[in-house]
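What the coordinates show
Below, each chain spelled out in residue letters.
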Amino acid sequence: MCKAINADLCVDEAQATLFHISSIFGEVDGCIDNLAQWSAPYNVSTPAALQPATSWVRPQPKGVVLVIGAWNYPFSVTIGPAAAALAAGNCLVVKPSELAPESANVMQRIFDRLDGRAVRCVQGGAEIASTLVAQPFDHIVYTGGSRVAKLILAAAAPNMTPVTLELGGKSPVIMCDGVNLKEACKRIAAHKFTNTGQTCIAPDYVLVERGVRDKVVELLTEEVRTMFGDKAHTADHYGRLVNQQSADRLFEALREDHGGKVLLGGASTPEGSVKEGHRYVPPTLVLDPRPESLLLENEIFGPILPIVTIDSYQEAIAYVNSKPKPLALYIFAPSSIAERILEKTSSGGAIVGDAMVHKGNPDLPFGGIGNSGMGRMHGIHGFRELSNERAVMYRPLWAPSLLSLPVNATLANAVYAYSTARPGKFLRKNLLKFLGVLVLLIQLWARHKRKA
C-alpha cells in the first residue's frame, strides 16, 4: 500500500502510513467491535393512543452498494465506505479511482480475497463508471468533485437510487487575535500541505484579522520553510500533483492577474527537480488576491494558501456565508468568538483550534452540506447511512382496537386534546400513564360487551 501511494502521489512512507493507511484499520476494527450493538433492534416509545403495543427499529441491509473511490486518499476513501457497507450486511461493488492505478491494483488484490458472491472490484475509467451508476443499485457512495457528482445523481435518478456524496469545496480558516498564533500557524501549515494540499478538507484560504495579519504572514512563511526548506522540490517528504492537468490548473491560477502578493513559492518550476518535476507545484502563500480571482473562486486542491485580510470576525462570517457551504470550517479564536462563529455559519464539520483532525474520530459523522456533499459516513453513522432502518410495531390481538370506521368522535377529540396540550413535564408524564390505563380499561370494557 505504501509503495502504491508513493508511485501514484510521490508520498513518502511515513506520511502514507500516518495519513493514508492507519485510519483504515481503525474504521474496520470499529465496525467489527461494534457490529453486534449497531445491528441489534432497539426499542422506541409508542403513543398512548396506540397501546397496547411495542415499537422497534430493526436495521437491515439495503441490498447491493456501489462505492466509487477517489485518487487523493485512494485506500481510505474507498475501503472505509466499503467496510461500512459490509458491516451493514450489504453486497458490494467497488470501483477504485483510475487516477491512482497502483493503489487500484493493490485494492483489486485485497477485494479479490473476499467472497466473490458478495464483493466485486471493478477497474476502469469514466466509461465503466457511467455504466455502473446507471445500474439499479440500492445505494451509491461517491467521493470526488461536484461536477461528476451531479452526473451520478442524474444517472441514479431513474432508478431512485439513494446517493451519498463526499465532495469538497473551499474550507475556510478564520483567525482572530487572542490565541496562540505560532501554534495555530504550525497546525494550519501542516494540514494545508499534507498530501501536497490534495485533501478535500484541507484549509483552502485563511481569513485573518488585520491586527494580527502581519504576524500570521510571518509565522506561516516561517513554518512552511521549516517544513520543506527553500527548495521543496528536493525534500523527500514533499509530494507531487496527481497529473499534469492538476498542475497546469494551479499554475493558471497563479499566473493570472490575481492582484495578490506572492509571499512564498509561485508559478515557476525549478530546474533539476528530482521527482517528476512536470507535476511539481511549490508550496505557495498569496496575500490578498482579488475576490473574483481563480484562487478565491475555485477550490484550490493543491499547495497554495491564499491569505485574506478582514477587519473583524463579523466580516469573516459574512464572507463565509456569501459562499457555498463548505465541507469544513476551521476557527482559531477565543472561545466566546468561536461560539458566535459556529452559531452564525454552516458547514459539514468544524474544528476550533485545529484543522482536518476531526476526520480521524470515527465517532463523529463525516460529510458535507449543500455543494460539499450529502449523507454521513464513519462509524455508526456510516452503518446507518447504508442500512434500512426498518420500523416494526407489535400490537397484540387480545385487546380490541379503538381505531375503526366510522371514527368515534369522543375518542378523536380526546386524542386531539392530548396531542395539542402543552402541560408541564410532570403533568404530561403522568397524564400519559393515566391515558394508557384509561385506554386499556375501555378496551377491556369493549371486549366484555362483545362477549355479552
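Here, every reference points to the structure presented above.
The rules behind the values
Throughout, a residue's number is its position along its own chain's written sequence, starting from 1. Whole-chain, interface and lining totals are the exception, using all residues; otherwise, since this is a predicted model, local features are given only for residues with pLDDT of at least 70 and side-chain atom pairs are given and counted only at 80 or more. Only hydrogens and water are removed before side-chain values are computed, so all heavy atoms of the structure are retained for them. Runs of E in the DSSP output that reach at least two residues are strands. Runs of H or I that reach at least four are helices, and both are numbered from the N terminus. The span expected for a helix works out to 1.5 Å for each residue beyond the first. Relative accessible area decides the class of each residue, using a 1.4 Å probe on protein chains only: under 20% of the type maximum gives buried, over 50% gives exposed, and in between gives partly exposed. Arc, as used here, means the arc of the directions from the helix axis to the C-beta atoms. Here, a salt bridge means any Lys or Arg side-chain nitrogen found within 4 Å of an Asp or Glu carboxyl oxygen. Angles run from 0 to 180 degrees between N-to-C directions of axes, and those axes are lines fitted to C-alpha atoms, restricted for helices to the stretch in contact. The cut-offs work like this: below 35 degrees is roughly parallel, past 145 is roughly antiparallel, 65 to 115 is roughly perpendicular, and the gaps in between are oblique. The contact criterion used throughout is that any non-hydrogen atoms of two residues lie within 4.5 Å. Under this grouping Gly is polar, as are all residues other than the nonpolar Ala, Val, Leu, Ile, Met, Phe, Trp, Tyr, Cys and Pro and the charged Asp, Glu, Lys and Arg.

1. Describing helix α9 (residues 244-255)
- When the terminal C-alpha atoms of α9 are compared, their 16 Å separation across twelve residues agrees well with the 16 Å that a helix rising 1.5 Å per residue should span.
- Of the residues making up α9, those classed as buried are S246, A247, L250, F251, A253 and L254. Projected down its long axis, α9 shows its buried positions confined to an angular sector of 155 degrees, all on one face. Exposed residues pointing more than 90 degrees away from the buried face of α9 are listed as Q245, E252 and R255.

2. Brief notes about the pattern of salt bridges
- With the rule as written, the count across this model stands at 16 salt bridges.
- Across the pair D354 and R187 runs a salt bridge, and its minimum N-O distance is 3.7 Å. Here D354, found in the loop between β14 (349-352) and β15 (373-374), pairs with R187, found in helix α7 (residues 181-193); they are 167 residues apart in sequence, far enough to count as distant.
- Owing to a relative accessible area of 31%, R187 belongs among the partly exposed residues under this scheme.
- Here E389 and R384 are joined by a salt bridge, their closest N and O atoms 3.8 Å apart.
- Here the salt bridges share partners, and the residues they tie into one network are K182, E222 and E223.

3. Let's talk about the packing of helix α1 (residues 2-9) against helix α4 (residues 101-112)
- Taken N-terminus to C-terminus, the directions of α1 and α4 make an angle of 155 degrees; their axes are 7 Å apart at the nearest point. Here α4 runs roughly antiparallel to α1, going by the angle between their axes. On the side of α1, the interface is formed by A4, I5, A7 and D8, while α4 contributes P101, E102, S103 and V106.
- Per-class residue counts for the contact of α1 with α4 are five nonpolar, one polar and two charged.

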